[in-house]
Amino acid sequence: MGVSGCGKSEIGARLAAALGVPFLEGDTFHPQANVAKMSAGMPLDDDDRAGWLLTLQGKIQAAKQRGEGLVLSCSSLKRRYRDLLRQADPQLRFAHLDGGRAVIEGRMRARSGHYMPTSLLDSQLRDLEPLQADEDGLRLDLTLSPDQLVSLILQHLKTQQ
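Residue positions are given per chain, counted from 1 along the sequence in the order it is written. Side-chain atom pairs in this predicted model are given and counted only at pLDDT of 80 or more, local residue features only at pLDDT of at least 70, and totals for whole chains, interfaces and linings cover all residues. Side-chain measures were taken over the full set of non-hydrogen atoms in the model, leaving aside hydrogen atoms and water.

Remarks on the nonpolar core
Working step 1: Core analysis: the largest hydrophobic core is formed by 32 residues, its most contacted members being Leu-85, Leu-97, Leu-140 and Ile-153.
Working step 2: Numbering of helices and strands runs from the N terminus, with a helix taken as a DSSP run of H or I at least four residues long and a strand as a DSSP run of E at least two residues long. Looking at this core, the elements with two or more residues in it are helix 1 (8–19), helix 3 (46–66), helix 4 (79–86), strand 3 (94–98), helix 5 (101–110), strand 4 (137–141) and helix 7 (146–159).
Working step 3: In this description, contact between two residues means that some pair of their heavy atoms is separated by no more than 4.5 Å. With residues near it in sequence (within four places) discarded, Leu-140 still touches Ala-95, His-96, Leu-97, Asp-98, Leu-149, Leu-152 and Ile-153. Note on terminology: a nonpolar core comprises buried Ala, Val, Leu, Ile, Met, Phe, Trp, Tyr and Cys residues joined through side-chain atoms within 4.5 Å. Burial classes follow relative accessibility: with a 1.4 Å probe on protein chains only, a residue under 20% of its type's maximum area counts as buried, one over 50% as exposed, and anything between as partly exposed.

Put into structure tokens, the structure is as follows:
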């Protein structure tokens, strides 16, 4: 979880590979209306995100029902979004990739082909509700190397078994 540009996709894909489970990029499940809105520099609101979050919840629930692991990259900016996703699997864990605005903006500017403009970063940072003490997960410094981040997540998962 985390704002756009924090590295969710890369770390999620690497983590899924390390665990030998499927990886789903949450952004690919946004309806076209959401993509168009973000591409136009307009932030999504809770109503925009509702259907998208329910789709992701369904993906989590289907994996749980099959008895399979799953790694999903998803901004999960607000506690209520995470609570909705957790309804599909109460054992769902979150890895919050966190860092300074300047670092994230630099990453967003360096990538190509993504619909999310840097102008929306501030709205995402405003909406972000970091993990709370009663939420299963960990907060990670996104400036660590991808290998270090995956290693820390794997260590956390081992301690939670």
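There is more to say, and it comes next.
Remarks on the side chain of Ser-76
Working step 1: Relative to the elements of secondary structure, Ser-76 occurs in the loop between strand 2 (71–73) and helix 4.
Working step 2: What makes Ser-76 buried here is its relative accessible area of 2%.
Working step 3: Those residues in contact with Ser-76 that sit more than four places away from it in its chain are Met-1, Tyr-81, Arg-82, Leu-85 and Phe-94.

Thoughts on the packing of helix 3 against helix 4
Working step 1: The contact between helix 3 and helix 4 brings their axes to 9 Å, and the two run at 30 degrees. As the angle between them shows, helix 3 and helix 4 are arranged roughly parallel. Crossing hand, helix 3 versus helix 4: right-handed. Here helix 3 contributes Asp-46, Arg-49, Leu-53, Leu-54, Leu-56, Gln-57 and Ile-60 to the contact with helix 4, which in turn contributes Arg-80, Tyr-81, Leu-84 and Leu-85.
Working step 2: Partitioned by chemical class, the residues of the contact of helix 3 with helix 4 number seven nonpolar, one polar and three charged. All axes here are fitted lines through C-alpha atoms, helices being fitted over the stretch that makes contact, and every angle between N-to-C directions spans 0 to 180 degrees. In these notes the angle categories are as follows: under 35 degrees is roughly parallel, over 145 is roughly antiparallel, 65 to 115 is roughly perpendicular, and the rest is oblique. Put simply, a crossing is left-handed when the front helix is turned counterclockwise from the back one by less than a right angle, and right-handed when it is turned clockwise. Here the term charged refers only to Asp, Glu, Lys and Arg, the term nonpolar to Ala, Val, Leu, Ile, Met, Phe, Trp, Tyr, Cys and Pro, and the term polar to all other amino acids, Gly among them.

So, to be careful, I would describe these as geometric facts and stop short of saying anything about function.
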